[in-house]
Amino acid sequence: VPGEAVEYHSIQLIRDEFLMNVQKFASNIQRTMQQLEGEIKLEMPTISVEGEVSDLAADPETVDILEQCVINWLNQISIAVEGQLKKTPQGKGPLAEIEFWRERNATLSALHEQTKLPIVRKVLDVIKESDSMLVANLQPVFTELFKLHTEASDNVRFLSTVERYFKNITHGSGFHVVLDTIPAMMSALRMVWIISRHYNKDERMIPLMERIAWEIAERVCRVVNLRTLFKENRASAQNKTLDARNTLKLWKKAYFDTRAKIEASGREARWEFDRKRLFERTDYMATICQDLSDILQVLEEFYNIFGPELKAVTGDPKRIDDVLCRVDGLVTPMENLTFDPFSIKSSQFWKYVMDEFKIEVLVIEKEAKHFIDESFKTLRSAEAAFDMLLKFKHIRSREAVNRQMMMKFNDILAQYCKEIDIINKIFVQNLENPPLCKNHPPVAGAIYWERSLFFRIKHTILRFQEVQEILDSDQGQEVKQKYLEVGKTMKEYEDRKYEQWMEATEQVLPALMKKSLLTKSSTAAEEPLTLERGAVFAINFSPALREIINETKYLEQLGFTVPELARNVALQEDKFLRYTDGIQRMLDHYHTLIGTLNEAESVLLNDHSQELLRVFRSGYKRLNWNSLGIGDYITGCKQAIGKFESLVHQIHKNADDISSRLTLIEAINLFKYPAAKSEEELPGVKEFFEHIERERARDVDHMVRWYLAIGPLLTKVEGLVVHTNTGKAPRLASYYEYWEKKIYEVLTKLVLKNLQSFNSLILGNVPLFQTETILTAPEIILHPNTNEIDKMCFHCVRNCVEITKHFVRWMNGSCIECPPQKGEEEEVVLINFYNDISLNPQIIEQAVMIPQNVHRILINLMKYLQKWKRYRPLWKLDKAIVMEKFAAKKPPCVAYDEKLQFYSNIAYEVMRHPLIKDEHCIRLQLGHLANTVQENAKSWVISLGKLLNESAKEELYNLHEEMEVLNRCV
């Protein structure tokens with residue numbers, strides 16, 4: 001059907017167009033993916049192209065397929081070229097330019113290399129052979145690709161030669177790297193301009209130069225940050241701003257230097273680039289950097305002026321600090337800018353800030369000049385002020401302030417006159433008693449003091465001579481005259497002191513050298529000391545001689561001539577120091593050793609002390625400071641002292657042994673009482689005192705053994721001192737007496753201390769022993785009774801004193817015990833310490849007091865027992881008689897009940913009383929007494945019970961008989 005055929009054909013056309021569009025869309029997606037992946041790949045034909053070109057060109061179907069493939073290639077290449085032509089460098093710096101050409105070169109190079117593939121060349125040959133209409137379109141596309149690829153390749157090659165310079169400008173470690181790089185970079189750019197086929201035109205070179213200028217400017221902006229610049233070290237900040245300015249200026253200078261070389265060569269195209277585009281921003285930034293450098297220089301100049309030197313000279317540090325605070329405030333506006341100072345658009349704002357800065361600088365300068373005028377009227381030191389002015393002549397500071405300071409030399413001269421007057425006043429006031437340095441002798445010290453004063457004014461005037469015009473003025477001449485007058489007075493003082501010393505030294509020194517080495521004490525106050533503890537010696541090296549030696553040394557150092565004898569003595573100073581030091585140490589050793597002896601030991605060692613004094617004698621009789629045997633004398637004295645010291649140490653060792661035994665004796669406790677058996681049970685009275693006696697007997701044995709060991713120790717001392725061992729050497733008589741007295745004192749302390757301690761225990765609140773309370777009708781008594789307790793206590797105290805009978809006295813003038821003596825009626829008498837110690841009033845008092853205290857305690861206990869006497873009827877009345885009388889009265893049951901209740905209550909009540917009573921050292925046990933009373937009360941209850949039982953039985957029997965009688969009657 002014709003209509004149907006037309007409709008079918010239309011459908012076919014729509015389908016083919018749809019498929020072509022889908023394929024085109026797929027090709028576009030593929031190209032986009034290739035571009036995203038970084039490489040564009042030409043689509044190769046899907047059919048085989050093997051065979052001859054003519055055969056393939058003769059096949060229409062093959063040609064159609066290949067034409068479609070070439071169309072795709074042309075589309076791919078055109079799109080790639082268009083994309084590259086639309087791209088621009090990503091960044092404003094020169095490195096972005098290189099990266100741009102590298103990327104274009106990489107893309108176009110990939111396409112260009114693919115067009116050289118054999119399969120591509122063969123497809124193109126087939127298309128040409130078939131006279132296809134595409135041949136006319138091929139040449140322009142491939143020519144454009146080749147041209148652009150060649151351009152990108154050349155640009156990458158030439159720009160790579162300057163890439164290192166661009167990197168230095170962008171990433172170099174500091175401005176010094178940039179400064180070194182710019183000239184070399186310009187030379188490299190000149191070579192690119194000459195050789196390159198593309199960067200030899202203004203259109204390409206000017207943008208590249210613009211990028212370099214932009215990079216340099218941005219680097220300066222990053223480094224020179226005004227918010228932190230003024231907080232950095234001033235020298236570092238100054239260098240930074242100067243380097244930035246020089247970098248910006250070098251950029252322009254290097255450009256014009258290279259331009260001049262190009263023009264001079266005459267063979268190369270000239271650089272006629274737009275200077276505004278290249279240098280407008282960098283020139284402006286260079287002026288800003290110069291302003292910042294000027295600001296830092298102003299700060300440095302102010303700090304140079306108001307430094308430590310001006311503080312020291314003026315003496316007004318607070319005001320200087322205030323000025324420096326204003327100086328610091330100069331940069332505050334720069335640190336808080338609200339605009340970019342390196343932007344040309346903000347030039348008017350920056351100009352306003354700089355104008356304000358200059359005005360404030362002028363204000364500070366004016367205040368500084370005013371302050372300097374005031375300060376130099378009240379200078380603290382002329383020399384310091386002079387040094388400061390000289391310094392300002394050679395350092396950079398504010399010119400106006402510097403001029404002001406250079407006019408202050410007259411003020412310095414006036415201050416120097418005041419200083420001369422002050423020095424002269426000090427000299428006159430201390431003329432007779434000058435202040436001396438440590439270790440300086442009087443004369444040399446006075447001269448040294450005078451010269452130090454003179455040097456203070458001389459040093460300053462010598463400094464003034466560095467600026468001769470100061471002293472040539474009228475005021476300078478007056479100052480010089482005053483200086484000479486004061487100097488003359490001081491020189492006369494110095495000469496007078498020296499002459500007086502020379503005269504005195506020549507008179508005194510020979511006599512001082514003839515003095516003996518030692519002096520021996522001989523005053524009345526020291527006589528007892530000499531007799532009892534040994535002689536007292538002192539070194540006889542006169543302080544005057546020591547002073548002459550010091551004067552000689554210091555005067556020679558000051559340039560004076562000294563007497564020959566004084567000089568010789570001074571040269572021997574080290575020897576005299578050794579001698580005096582040796583003698584002083586020897587004497588200190590001797591006096592220390594003698595000081596360790598007590599009176600008894602001094603008498604004991606009297607002969608040895610005299611022998612030692614004989615060794616000392618030549619030191620205060622024969623030898624003087626001119627003698628040659630002083631060293632040998634010191635050695636001999638040291639040896640004698642060492643021998644004597646050895647003897648003293650051995651005697652002290654034996655004395656320590658004796659003292660240790662006496663200490664052991666004195667520490668003995670003569671009242672070692674037994675410990676409590678339990679918290680409630682204590683030892684009985686007899687057990688308590690017997691335990692004390694046993695322990696005492698054991699301790700007395702130990703004490704006697706310690707006492708008996710003293711005699712042999714004294715005999716040992718006898719062997720050391722007189723080389724005998726008799727125990728009765730006459731030389732040791734006082735020594736024996738000394739120790740016997742010590743023994744007497746120890747035994748007295750022992751007995752007295754023990755009695756006092758025991759008395760404290762007796763009166764203490766801790767019970768030591770207990771006593772029982774028993775009922776012995778009709779009385780309540782203690783067991784043991786009070787008399788026995790008193791007697792045991794008395795014997796214990798008496799035995800404490802009588803332990804001294806075991807310590808036998810020594811025979812007169814010896815350490816041998818006295819043998820037993822016969823007394824009256826052939827009685828054997830032992831001479832011991834008891835007779836003396838027992839008469840000691842304190843011991844007698846304590847010995848009497850202890851039994852009395854015990855007796856009072858017992859009396860108090862007996863008083864306590866009186867309350868138990870109210871129970872006496874229980875055991876005092878005859879129970880049988882009382883019961884018989886009670887029964888005879890035929891009492892009713894109520895009467896029996898009352899009686900039973902009464903005695904039962906007593907039995908209960910007595911056990912509720914405290915069964916222990918503590919009275920100081922004695923515990924009273926009442927348990928036995930309470931049990932006895934309770935038993936008595938219970939016996940009365942039993943007796944009453946029996947009586948009641950018998951009475952009741954009798955009544956019952958009588959009742960029973962009456963009932964029986966009545967029963968019979970009924």
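Residues numbered from 1 in each chain as written. Predicted model: local features only at pLDDT ≥ 70, side-chain atom pairs only at ≥ 80, totals over all residues. Heavy atoms only, no water.

For the chain, the name recorded in an unreviewed UniProt entry is Dynein axonemal heavy chain 10, with Piliocolobus tephrosceles as its organism.

Let us look at the packing of aromatic side chains. Counting across every chain of the model gives 33 aromatic pairs. On the numbers, 5.8 Å between centres and 45° between planes, the contact of F541 with F576 is tilted. With F541 in the loop between strand 2 (537-539) and helix 23 (543-557) and F576 in helix 25 (residues 573-595), the pair connects residues that are 35 residues apart, well separated along the chain. Neither residue differs from the other here; F541 and F576 are each classed as buried. Ring geometry for F688 and F689: centres 5.1 Å apart, planes at 85°, overall edge-to-face. When its relative accessible area of 6% is taken as the criterion, F689 is described as buried. Through a chain of ring-to-ring contacts, three or more aromatic side chains come together here, namely W193, W251, Y255, F256, W271, F273 and F279. It is K805 that lies over the ring of Y834; its NZ or CZ is 4.6 Å from the centre. When the ring centre of F833 is taken as origin, the NZ or CZ atom of R809, which lies over that ring, is 4.9 Å away. (Phe/Tyr/Trp six-rings, centres within 6.5 Å; stacked < 30°, edge-to-face > 60°. Helix = DSSP H or I, 4+ residues; strand = E, 2+ residues; numbered from the N terminus. Buried < 20%, exposed > 50% of the residue type's maximum accessible area, 1.4 Å probe, protein only. Lys NZ or Arg CZ within 6 Å of the ring centre and 35° of its normal.)

This part covers the pattern of salt bridges. This model, assessed by the stated rule, comprises 32 salt bridges. Here K351 ties to D355 by a salt bridge, and the two come within 3.4 Å at their closest N and O atoms. Taken together, the residues span about one helical turn, with K351 and D355 both in helix 15 (residues 347-375) at a distance of 4 residues. With relative accessibility at 47%, the residue K351 sits in the partly exposed group. The class of D355 is partly exposed, set by a relative accessible area of 31%. R923 is the partner of D918 in a salt bridge, and the nearest nitrogen-oxygen pair spans 2.8 Å. Each of R102, E163 and K167 takes part in one network of salt bridges that share partners. (Salt bridge = Lys/Arg side-chain N within 4 Å of Asp/Glu carboxyl O.)

Quick look at the nonpolar core now. One finds F616 and Y735 to be the most contacted residues of the largest nonpolar core, which totals 125 residues. In terms of residue count, helix 28 (residues 630-666) provides more of this core than any other element does, 14 residues in total. Core analysis: the second largest hydrophobic core is formed by 75 residues, M186, A244, M285 and I295 among them. (Core = buried A, V, L, I, M, F, W, Y, C linked by side-chain atoms within 4.5 Å.)

Inspection of the secondary structure assignment puts E718 in helix 30 (residues 710-722). The exposure class assigned to E718 is buried, which follows from its relative accessible area of 0%. When the C-alpha atoms of E718 and L732 are compared, they prove to be 7.0 Å apart, with 14 residues separating the residues in sequence. Those residues in contact with E718 that sit more than four places away from it in its chain are H723, T724, N725, T726, G727, K728, A729, L732 and Y736. (Contact = heavy atoms within 4.5 Å.)

Although it is not a glycine, H723 adopts a positive phi angle of roughly 65°. Relative to the elements of secondary structure, H723 occurs in the loop between helix 30 and helix 31 (733-763).

Our focus in this paragraph is the environment of Y896. Along the polypeptide, Y896 turns up in helix 37 (residues 893-910). Under the relative-accessibility criterion, Y896 is labelled buried at 2%. Spatially, the C-alpha atom of Y896 lies 9.5 Å from that of F886, the residues being 10 residues apart in sequence. Apart from residues no more than four positions distant in its own chain, Y896 is found in contact with F886, P891, L944, L947, L948 and S951.

This part is about the packing of helix 23 against helix 24 (residues 564-571). For the pair helix 23 and helix 24, interaxial distance at closest approach is 9 Å and the crossing angle is 100°. Taken as axis vectors, helix 23 and helix 24 run roughly perpendicular relative to one another. Taking contact as the criterion, the partners of L545, I548, I549, T552 and E556 in helix 23 are, on helix 24, A566, R567, V569 and A570. Grouping the constituent residues of the contact of helix 23 with helix 24 by class yields 6 nonpolar, 1 polar and 2 charged. (Axes fitted to C-alpha atoms, helices over the stretch in contact; angles between N-to-C directions. Parallel < 35°, antiparallel > 145°, perpendicular 65-115°, else oblique. Nonpolar A, V, L, I, M, F, W, Y, C, P; charged D, E, K, R; others polar.)

Looking at the chain as a whole, its pLDDT mean stands at 80, while 86% of the residues score no less than 70. Looking across the chain, the model is least confident in helix 22 (residues 527-533), with a mean pLDDT of 38, and most confident in helix 28, with 94. Within the model, pLDDT remains below 50 along residues 34-38, and this stretch shows 6 contacts once partners closer than five positions in the same chain are excluded. For the stretch residues 522-533, pLDDT sits under 50, and the model shows 13 contacts to residues farther than four places along the chain or on other chains. (pLDDT = per-residue confidence, 0-100.)

This paragraph deals with the packing of helix 28 against helix 31. Where helix 28 meets helix 31, the closest approach of the two axes is 9 Å, and the angle between their N-to-C directions is 20°. As the angle between them shows, helix 28 and helix 31 are arranged roughly parallel. Of the two elements, helix 28 crosses helix 31, and the hand of that crossing is right-handed. Residues I651, A655, I658, S659, L662, I665 and E666 of helix 28 lie in contact with helix 31, whose contacting residues are Y735, W739, K742, I743, V746, L747, K749, L750 and K753. Of the residues contributing to the contact of helix 28 with helix 31, the split by class is 11 nonpolar, 1 polar and 4 charged. (Left-handed = near helix turned anticlockwise from the far one by under 90°.)

On to the pairing of strand 7 (residues 916-919), then. Where strand 7 meets strand 8 (residues 922-925), 4 bridges bridge the pair, whose relative direction is antiparallel. Note on strand 8: the bridge partner recorded for D918 is R923. The antiparallel hairpin formed by strand 7 and strand 8 contains 2 residues in its connecting segment, where H920 sits at a positive phi of about 55°. (Pairing = 2+ DSSP bridges.)

Further remarks concern helix 30. Across its 13 residues, helix 30 extends 18 Å between first and last C-alpha, which sits within 8% of the 18 Å expected from 1.5 Å per residue. For helix 30, the complete set of buried residues consists of I710, G711, L713, L714, T715, V717, E718, V721 and V722. Contacts made by the buried residues of helix 30 are with helix 26 (599-604), helix 27 (606-621), helix 28, helix 29 (685-708) and helix 31. (Expected span 1.5 Å × (residues − 1).)

This part takes up the side chain of R696. Among the secondary structure elements, R696 is positioned in helix 29. A polar contact is formed between the side chain of R696 and the backbone oxygen of L670, at a distance of 3.0 Å. Here R696 is in contact with L670, F671, C796, N799, C800 and I803, once residues within four sequence places are set aside. (Polar contact = N/O pair within 3.5 Å; in protein donor to acceptor, adjacent residues only side chain to side chain.)

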